[in-house]
Amino acid sequence: MSSTDSPEPFVGKELSTTRFEVTDQLLQDHYHGLELSPSSTGLLPSTIISEPDNAYFREIAYSYQQGHLWLRQQMRLLSPLRKNTTYKVSGTIEEIYPKRNRNVVHYGIKLTQPNGEIAAFSNHHQSFLSNKMTGNSVEFRKPMDKPGARKFQVPEGHGIGELTRTITREMCGIYFHGDANYHTNKESAQSLGFEDVVVGGRMTLAYTARVLEDFFGEQWWSSGELDLKFTNPVWCDDVVTVKGRLLGPHATRSEALHCFVWIEKNDGAIALVADASVLA
């Protein structure tokens, strides 16, 4: 069923079954757009599964799209992806729930290998304004102005690495394959109610996973789980630093280690927080 058959999303909607190929161009755009080198493990970036995930936007989106934002991403990795391999992708809208002045569409996808085994599960939570904007741009409250806001506390634990980048518009353009959209083009961003280019969540997601990949090595690709929440937009030319802590044994996942990862901007704002685990 296409988005034209049902213009508004609904729970239980089966998304199109598609194919996803891990190409050399996709990998080149990933590394160059993020200013990263390939992992020393020789394995591919684990978050490239967000590429087919993101491709479902037209099938899950509300007809009114100004001000839409990605709020949360969950991933469960079972096997490394392979270059020049084509995967089957399928998905379903699992729930739609309210959050402040937004409706959040939560859809789950799975990537299936050519041999029929599942390589990964991904759960995407995309938010849409419940009502149309009254002005020309989306208003963002400072994190500390939100009701019940608490000062961010660095968790106690062993440091697992750190990564800092200044994300430029040029990097965004490369990462998103030269497409003109609100993650790469100011006019496109303003048409959706944003004052400037919004750095794609897939980029900060990838930086978060890279710290985990470097620390855990090959075990991350076969047993890594991630639950990430975006807490503050990142704009072009923001300087972001990814930091992580190993907290110890996981409280609910047997035989797993628990990590906490966050991204901090130069002004002190926290752009995202993430819980991660991997089998010990």
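Residues numbered from 1 in each chain as written. Predicted model: local features only at pLDDT ≥ 70, side-chain atom pairs only at ≥ 80, totals over all residues. Heavy atoms only, no water.

**Considerations on the overall build of the protein chain**
Check the secondary structure of the protein chain and you find seven helices and ten strands. Against the 2.2 N^0.38 benchmark of 19 Å for 280 residues, the protein chain shows a C-alpha radius of gyration of 18 Å, consistent with a compact globule. Projected onto the principal axes, the alpha-carbon positions of the protein chain cover approximately 50 × 45 × 40 Å. A buried classification covers 51% of the 280 residues belonging to the protein chain. Intrachain contacts of the protein chain at a sequence separation of at least 6 include 72% that bridge at least 24 residues. Only carbon and sulfur atoms are counted for the fraction: they give 46% of the accessible area of the protein chain, which is about 13500 Å². Each charge class in the protein chain can be summarised by its mean position, and for the 28 positive and 33 negative side chains these summaries are 4 Å apart. (Helix = DSSP H or I, 4+ residues; strand = E, 2+ residues; numbered from the N terminus. Rg over C-alpha atoms; globule rule 2.2 N^0.38 Å. Buried < 20%, exposed > 50% of the residue type's maximum accessible area, 1.4 Å probe, protein only. Contact = heavy atoms within 4.5 Å. Areas by Shrake-Rupley, 256 points an atom, 1.4 Å probe, with all protein chains shown as cover. Lys, Arg positive; Asp, Glu negative; His and termini not counted. Charge placed at Lys NZ, Arg CZ, Asp CG, Glu CD.)

**As for the nonpolar core**
Leu-81, Met-203, Leu-212, Trp-220 and Leu-226 are the most contacted members of the largest nonpolar core, which has 65 residues in total. Sorting elements by how many residues they give to this core places helix H6 (residues 201–216) first, with seven residues. Each residue touching Leu-212, except ones within four places of it in the same chain, is listed here: Ile-160, Gly-217, Trp-220, Leu-226, Cys-259, Val-261 and Ala-276. Within the second largest apolar cluster, ten residues are counted, among which are Tyr-64, Met-133, Leu-192 and Val-198. (Core = buried A, V, L, I, M, F, W, Y, C linked by side-chain atoms within 4.5 Å.)

**Description of the pattern of salt bridges**
Going through the model one piece at a time under the given rule, you end up with eight salt bridges. For Glu-264, the salt bridge identified is with Lys-243, shortest N-O distance 3.9 Å. Within this pair, whereas Glu-264 is found in strand E9 (residues 256–265), its partner Lys-243 is found in strand E8 (residues 239–249), the two being separated by 21 residues in sequence. Owing to a relative accessible area of 25%, Glu-264 belongs among the partly exposed residues under this scheme. (Salt bridge = Lys/Arg side-chain N within 4 Å of Asp/Glu carboxyl O.)

**Points about the sheet that holds E9**
On the basis of which strands lie adjacent, the open sheet formed by ten strands has the order E1-E3-E4-E5-E2-E7-E10-E9-E8-E6 and antiparallel pairing. Of all strands in the sheet, those with a lone pairing partner are strand E1 (18–21) and strand E6 (158–166), marking the two edges. For this sheet, the mean inter-axis angle between neighbouring strands, taken without regard to orientation, is 20°. With eight bridges joining them, strand E2 (residues 69–77) and strand E5 (residues 118–129) adopt antiparallel strand pairing. Residue pairing in the sheet places Gln-73 in a bridge with His-124 of E5. Each of E2, E6, strand E7 (225–230), E8, E9 and strand E10 (270–279) is contacted by H6, which is oriented at about 145° to E6, the strand it contacts most. (Pairing = 2+ DSSP bridges. Axes fitted to C-alpha atoms, helices over the stretch in contact; angles between N-to-C directions.)

**Some points on H6**
Turn by turn, an α-helix covers 3.6 residues, leaving residues three or four places apart pointing in a common direction. Under the 1.5 Å per step criterion, the end-to-end length of H6 is 23 Å for 16 residues, consistent within 8% with the ideal 22 Å. Across the 16 residues of H6, 14 count as buried, placing the element largely inside the fold. Positive phi shows up at Gly-217, right after H6, with a value of about 70°. (Expected span 1.5 Å × (residues − 1).)

**Notes on the packing of helix H1 (residues 24–34) against H6**
At a closest axis distance of 11 Å, the pairing of H1 and H6 adopts a crossing angle of 85°. For the element pair H1 / H6, the angle class is roughly perpendicular. Counted together, His-30, Gly-33 and Leu-34 of H1 and Met-203, Ala-206 and Tyr-207 of H6 form the full contact between these two elements. Class assignment for the residues of the contact of H1 with H6 results in four nonpolar, two polar and no charged. (Parallel < 35°, antiparallel > 145°, perpendicular 65-115°, else oblique. Nonpolar A, V, L, I, M, F, W, Y, C, P; charged D, E, K, R; others polar.)

**As for the confidence of the model for the protein chain**
As a note on interpretation, predicted positions should not be read in detail where pLDDT is low. Of the residues in the protein chain, 93% reach a pLDDT of 70 or more, and the chain-wide mean stands at 91. The lowest-confidence element of the protein chain is helix H5 (residues 186–191), averaging 88 in pLDDT; the highest-confidence one is E7, averaging 98. (pLDDT = per-residue confidence, 0-100.)

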